Amino acid sequence: MSTPLLRIQDLRVQYSPAGSRGGGTIRALDGVSFDLARGEVLAIVGETGSGKTTLARALLGLHPTETVTGSIQLGGRELSGIREQEWQSIRWRRIALAVQNAGTAFDPVYTIGAQLQATVRQHLPLSRRRAVEAITHLVRSLGLDEHHLHAYPHQLSGGEKQRLMLAMALSCHPDVLIVDEPTSGQDMLSRRHIVTLLQKVQTEADLSILLITHDLAAVAQLAHRVAVLYAGKLAEIGTNREVLGRPRHPYTWALRNAYPDMGTARDLSGIRGHMPDPANPPAGCRFHPRCTQAVAECRLTEPALEHHDSRLVACHLGGLQTLLQARHLAKSFGANGHRTHASSQNGARQVVAAVKSASLEIYEGEVVALVGATGSGKTTLGKLLVGLLTPDTGTIAFQGQAITTLAGAQLVELRRRIQFVPQDPFDSVSPRLTVQQIVREPLDIQQTGNRDERNQEVHNVLESVGLPTSEAFLARYAHELSGGQLQRVVIARALVLAPKLVIADEPVSMLDASEQAKLINLLKAIQNERGMGLLVISHDLALVRKIADRILVMQGGQIIEHGPAGQIVNHPQHDYTRTLLSAAPSIDWYAKKP
Amino acid sequence: MLVVATRYVERVLRYPFGRADVRHVFSSIGGTTAVGLVLFLGFVFVAIFAPVLAPYNPDAFSGKPLEHPSNAHLLGTNDVGQDIFSELVFGTQISLIIGVGAGLGAVFLAVVIGGAAGYIGGWLDFVLMRLGDMLLALPRLPMLILVNALIGAGVWQMVITIALLFWPTTARIIRSEVQRVRQRTYLQLAHHFGSNRLYVLRRHVLPHITPLIVFGLVTSAGRAVALEAGLAFLGLGDPAAKSWGLMMRYALNLPGLLLTDRWLWWLLPPGVCITLLILSLTLVGIGLESRLMPGLRRQ
Amino acid sequence: MKQRLILYLMTLWAVLTLNFLLPRMLPGDPLQALLDPQSSTYVFDPATRAALEADYGLDRSLLEQYAGYLVGVFTADLGHSIRLNQPVIDLIRSHLPWTLLLTGSALALASLVGIVIGTEAAWRHRSMWDTSLVTVSVILSNAPVFFTGMVFLIVFGVWLGWLPLSGGRTPFADYSSLLAEMRDYGSHLLLPLVTLTLSLLGGKFLLVRNSMLGVLQEDFMLVARAKGLPAGQLKRRHGLRNAILPFVHHLASHAGFAITGALFIETLFAYPGIGQLIFDSVVVRDYPVIQGVFLVVSLMVLSANLLADWLSYQLDPRLREA
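Residues numbered from 1 in each chain as written. Chains lettered and ligands numbered in written order. Predicted model: local features only at pLDDT ≥ 70, side-chain atom pairs only at ≥ 80, totals over all residues. Heavy atoms only, no water.

A. Here's a closer look at the pairing of strand β10 (residues 233-239) of chain A. Residue and element names in this part refer to chain A. Burial analysis of β10 places five of its seven residues in the buried class, which makes it a mostly covered element. In terms of strand pairing, strand β9 (residues 225-230) meets β10 through six bridges, oriented antiparallel. Along β10, the bridge assignment pairs R225 with T239. Summarising the sheet, β10 and strand β12 (residues 311-313) pair through two bridges and their orientation is antiparallel. Bridge pairing in β12 places I237 opposite L312. (Buried < 20%, exposed > 50% of the residue type's maximum accessible area, 1.4 Å probe, protein only. Helix = DSSP H or I, 4+ residues; strand = E, 2+ residues; numbered from the N terminus. Pairing = 2+ DSSP bridges.)

B. Region of the structure containing the state of the cysteines. Considering all chains together, one arrives at zero disulfides over all chains under this definition. Lacking any disulfide linkage, A:C285 is separated from the closest cysteine sulfur, that of A:C298, by 5.9 Å. (Disulfide = S-S within 2.5 Å.)

C. Seen up close, the interface of chain C and chain A. In this assembly, 22 residues from chain C lie in contact with 28 residues from chain A. Counting the surface lost from both chain C and chain A, the interface buries some 2300 Å², and carbon and sulfur atoms represent 55% of this. Note that C:R225 and A:E84 form a salt bridge whose closest N and O atoms lie 3.5 Å from each other. The interface formed by chain C and chain A contains twelve residue pairs in polar contact (both at pLDDT 80 or more). Element by element, the count of residues in the side of chain C that touches chain A is highest for helix α10 (residues 231-249) of chain C, at seven residues. Considered class by class, the residues forming the side of chain C that touches chain A number ten nonpolar, four polar and eight charged. (Contact = heavy atoms within 4.5 Å. Buried area = accessible area lost by both parts, 1.4 Å probe. Salt bridge = Lys/Arg side-chain N within 4 Å of Asp/Glu carboxyl O. Polar contact = N/O pair within 3.5 Å; in protein donor to acceptor, adjacent residues only side chain to side chain. Nonpolar A, V, L, I, M, F, W, Y, C, P; charged D, E, K, R; others polar.)

D. Examining the environment of A:L166 more closely. Residues and elements named next belong to chain A. Within the fold, L166 resides in helix α6 (residues 158-170). Linking L166 and L197, residues 31 residues apart in sequence, is a C-alpha distance of 9.2 Å. Apart from residues lying up to four places away in sequence, L166 is in contact with A98, L142, L177, L197 and L198.

E. Quick peek at the side chain of A:H63. Residues and elements named next belong to chain A. Note that H63 resides in the loop between α1 (52-58) and β4 (68-74). Engagement of the side chain of H63 in a polar contact is seen with the backbone oxygen of T54, the distance being 3.0 Å. Each residue touching H63, except ones within four places of it in the same chain, is listed here: V13, T54, R57, A58 and V68.

F. Structural view of the nonpolar core. Residues B:I145 and B:I162 are the most contacted members of the largest nonpolar core, which totals 125 residues. Each residue touching B:I162, except ones within four places of it in the same chain, is listed here: B:I98, B:A102, B:L144, B:A224 and B:L227. Formed by 97 residues, the second largest nonpolar core is a distinct cluster that contains A:V45, A:L177, A:L197 and A:A223. (Core = buried A, V, L, I, M, F, W, Y, C linked by side-chain atoms within 4.5 Å.)

G. Here's a closer look at the packing of helix α15 (residues 435-446) of chain A against helix α16 (residues 451-464) of chain A. All names here are of chain A. As a packed pair, α15 and α16 sit with axes 9 Å apart at the nearest point and diverge in direction by 120°. Judged by the angle between their axes, α15 and α16 are oblique. Like other packed secondary-structure pairs, α15 and α16 cross with a definite hand, here right-handed. Along its contact with α15, which presents V435, Q436, V439, R440, L443 and D444, the element α16 presents R451, R454, N455, E457, V458, V461 and L462. In terms of residue class, the contact of α15 with α16 is made up of six nonpolar, two polar and five charged. (Axes fitted to C-alpha atoms, helices over the stretch in contact; angles between N-to-C directions. Parallel < 35°, antiparallel > 145°, perpendicular 65-115°, else oblique. Left-handed = near helix turned anticlockwise from the far one by under 90°.)

H. Quick look at the interface of chain B and chain C. With 53 residues of chain B at the contact, the number on the chain C side is 64 residues. In this assembly, chain B packs against chain C so that about 5300 Å² is buried in total across both faces, 82% of it on carbon and sulfur atoms. Run the count over chain B and chain C and you get zero salt bridges. If you look at where chain B meets chain C, you find one residue pair in polar contact (both at pLDDT 80 or more). Among the elements of the structure, α1 (2-14), α2 (19-29), α6 (122-137), α7 (140-151), α10 (197-233), α11 (244-253) and α13 (268-292) of chain B are those that each provide at least two residues to the side of chain B that touches chain C. With nine residues, the top contributor of residues to the side of chain B that touches chain C is α7(B). When the residues that make up the side of chain B that touches chain C are grouped by side-chain class, the tally is 41 nonpolar, seven polar and five charged.

I. Spotlight on a nonpolar patch on the surface. Residue and element names in this part refer to chain B. Judged by side-chain polarity, F45, I48, F49, V52 and L53 come together as a nonpolar surface patch covering roughly 490 Å² of accessible area. Listing elements by their share of the nonpolar patch, those giving two or more residues are α3 (32-48) and α4 (50-53). When you line up the elements, L53 lands in helix α4. Judged by relative accessible area, L53 falls into the partly exposed class, the value being 36%. (Patch = residues over 30% accessible without salt bridge, like charges linked within 9 Å, V, L, I, M, F, W, Y side chains within 5 Å. Areas by Shrake-Rupley, 256 points an atom, 1.4 Å probe, with all protein chains shown as cover.)

J. Region of the structure containing helix α12 (residues 274-283) of chain C. For α12(C), a buried count of eight out of ten residues is recorded, marking the element as mostly surrounded by other parts of the structure. Listed as buried for α12(C) are C:I274, C:G275, C:Q276, C:L277, C:I278, C:F279, C:S281 and C:V282. Those residues of α12(C) hidden inside the fold are in contact with α7 and α11 of chain B together with α5 (88-123), α11 (251-269) and α13 (287-315) of chain C. In the stretch just after α12(C), C:R285 is the one whose phi turns positive, near 50°.

K. Quick look at the packing of aromatic side chains. Applying the stated rule across the entire model yields 15 aromatic pairs over all chains. Judged by centre distance (4.4 Å) and plane angle (10°), the ring pair of B:F233 and C:F146 falls under stacked. On the criterion of chain membership, the pair formed by B:F233 in helix α10 and C:F146 in helix α7 (residues 145-159) is interchain, its members lying in two chains. Owing to a relative accessible area of 1%, C:F146 belongs among the buried residues under this scheme. Ring pairing ties together the aromatic residues A:Y230, A:Y251 and A:F287, which thus form one cluster. B:R130 extends its terminal NZ or CZ atom over the ring of B:F126, reaching a point 5.0 Å from the ring centre. Directly above the ring of B:F233 sits B:R249, whose terminal nitrogen or CZ lies 5.3 Å from the centroid. (Phe/Tyr/Trp six-rings, centres within 6.5 Å; stacked < 30°, edge-to-face > 60°. Lys NZ or Arg CZ within 6 Å of the ring centre and 35° of its normal.)

L. Here's a closer look at the domain arrangement of chain A. If you check the domain split of chain A, you get domain 1 (6-38 + 45-85 + 220-313) and domain 2 (322-592). The gap between the C-alpha centroids of domain 1 of chain A and domain 2 of chain A is 37 Å. (Domains from an automatic or database assignment.)

M. Highlighting the sheet that holds strand β3 (residues 41-45) of chain A. Residue and element names in this part refer to chain A. If you trace the eight strands from one edge of the open sheet to the other, you get β6-β7-β8-β3-β9-β10-β12-β11, paired in mixed fashion. Single-partner strands in this sheet number two, and they are β6 (95-98) and β11 (306-308). Here the strands of the sheet are splayed against their neighbours by 25° on average, with no regard to which way each runs. Two strands pair when backbone bridges link them, and β3 and strand β8 (residues 208-213) are joined in this way by five bridges, in the parallel orientation. Within β8, the residue paired with L42 across the bridge is L210. Packed on one face of the sheet, helix α10 (residues 250-258) meets β3, β9 and β10 and runs near 100° to β9.

Right, dumping it as structure tokens:
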């Protein structure tokens, strides 16, 4: 890709909302820069209100001149600031736009053919006959025929109009085609049709396409590069494979996780929080109120779009942070269950290696499931990660700090940030403590705040796990609670210190199916709301795939397979994973026999 | 698609003068509703306190014929020596009674007919609405002239005939709103919860059409005032009720009126009063429409 | 379209029936009063009274009267004027052309001007021009037409003395040429025409302006602009072409307004149209003439309705489907 066909630099669109008195300026687009090469497909993705459509209109000069600043260069020619008449010769001939609502994009009183013809003859020196021929040819190549041209807009279906809109956009052979939400509001089949069609016209004409959409599946199929727009600013830009495959910006990551996809078995969860008000964007990084890893700097200064490897990311932390990183962990026990230490190993005894060289990463705000059969070493691995066990070899880093080397106050602080929900709730609470005392215990230990503040904190956290907060309930003892209530108490205790990472070992295995479902959804909801990392250790693949972003499969003390949940569930690579999947419970009696 | 088209036409039909947008213009000038309301209330005040405000009984021969304006007769006297200013003050009563009375009557009919058509639907809806279409297609003024010529025009006859002619416009609007409300889920739910029709009408339907009722009242009243003035001007009003239109009629009956200055205090004031009263109602209508019916404008 | 046609036929029938029933059914029995020597409206001239009795046939049964009435209407026999003892149809025939000339030209003029300035005002939304035009239109469309007419009459007829005060032509004039004749007719037409045009203009202007504003916000206008079409094409080919639809739809009610306005204006300017006729007849309660005029005006308004509907169907492909 040599010199770019289209170069956008520091493009801003700002206007005062009509009718407001000093209501502040709306910054619909706030300093966007990117290049588009000839023959390239660049996707602009982002939620509704991120400024995608504003961008499309700015590239055609459709905003009032005084609202637009920055530079738009097409083939080296500066377009921003040119007169309306000059724009008229650029529009459609050089840059064409297939708008979002094709349903209302055609003038209802003329036939489609007449509108196409008027467009073509406005820009190309064709006789009426030649124009009709060209249009007919074009429309045929898009899988439509003449009768569509003789029809009025209201006589056609939405899908047909979408394709005719595309035909109209292509009719003057533009250099750049902007396609605004080509697939939104369409059923799956017409969606596929449009995507294939776009693919075809792009390769045939070596067209440069700016694909504006929130449809990540279409992006994955069509785009060469992807730019992520958030609240009028670019968050990340890079190749399709990089940005969608391994998102770096927390927003990209969240966007991808919110996208429904047949490959994902997980239930959907939206991105927490809401798009900021374009008239009063938050200070600092615009994403920080919704970001799971925001630090003080994010609230103060706006991050610049900077190179990270081959892509550009606008994040002070350089993108998605690794919350926990474990390298080559190993742990062995003596044959009778006595712990052995590498240093004091007794050769006479048989040594069982529970964990053998396990490596894993957990990112900010991510739900990871660690699955494996009983005895695969997953509980040991979990305890190693929390720090309840010390690894024989290997390193663990939490938020970049090597915790294997920590001690004293630093370790106490670290424990606060990683919390553990053990497997057996009955075993993990003292029968002599009341609910209030159980949940307050970590606060008492860590000496945070005064007694009232701690009790208030307990109150809040019990509420968030859906438990009653009455005096009577607070005064209950563990044996007076049901299994589900007790497990919630244990989870509440883990949450009361506001941890960054919760490691939950078989959090629901003791409960009946209904309680399991409730609790697993609760865990996911709390995780999403608090933006924390969650590692769920479980043998129940059928259950954890509902909430996990990624799945790690463990067998014989090793992680034998890992990947996005959808990939593991739908395309397992390892035989063991396949066995696990086929053994997963199913009440479908037509399902194949194991 | 046809739905879109008809809705589009309906939108414009409903607001032929697109008052919603006029609002923008007026809000930059200054509160439309306020101006209209102040004007209108001013007329109401004059009508109520007419006996106090008017120096003479308008029917009394309080001066010589055709006096020029003076301290005794602010606007002079007419051809039989009645005080023009007092006529003007008492004329307010007639215009307001007919305007408000006919407006109320028309809106009452519109609520009953439009509400029934929209809420009950079916053949009743069809019959009522076709009846409305017919009435809309009739030329109103000749119709009124015919009726009034036949029965002789009293104030109340006029109120009733105007109300009988004016209901379809508002009824149409109310009907479509009731139809819209009827399809709302919360209304169906209310039925589902076992509420009776009266409850649903009072609790869910009426609040929706109240702004329409007020709007219909204001616009119908304005048109009724104009019609009454016109009929009186043509000599078809109640000869006993000396309205502004009738004053103009009498003035014009005087040969050569326009050739002297007399029209300045005899003809102009009632004309200005009629215009201002109608204008005040229109302005209130403009304000009401934009303030009370924001949801209706967005379709 | 067929449905509309049926509706109009039904309305026509309703008008005819109403016209028949009203004088017979209304309290006070106005028709009998004409023949009752005790009544204030008693017709003294025996010849006229005989014609009346023959026209109304009050001694026959109601059904026979109705049949006779319908036959009369369809054979253009609308009875006899009490005041002039002439066939009503002749009176209407001599007055109608004046009204048609006045309303026709006022409608055409107001439509043309309304469309042009309405389009431009919407195009320059919220500019000084737009604001002042809207203000003037609101005031103009609220002033009673006989009042504005009077002001014009005083200003142009009396003060400036430019134009004749009344009539449709100079009485007993002997025109030297066709041009002089046209000028005389024109100068008599001008004031009523301007008055009527102005009173219609406000509504038309606001209607065009507001529907144009609506159209300008439609998606297809954005696309049309994005297609690089020049401003003129945007405004007329797409904007006005769509904004005109509600205008056409309203043409019928405009015609109704125009005729109502004309009735007042003719009275005011002593213009010899049917307004003048109805006014003279009302004073002496000349029922046959009033009824005849009512019928003719209804017919005109209904035809205008039909025409407007037909035009709408021609202009809007979406309506043609139904």
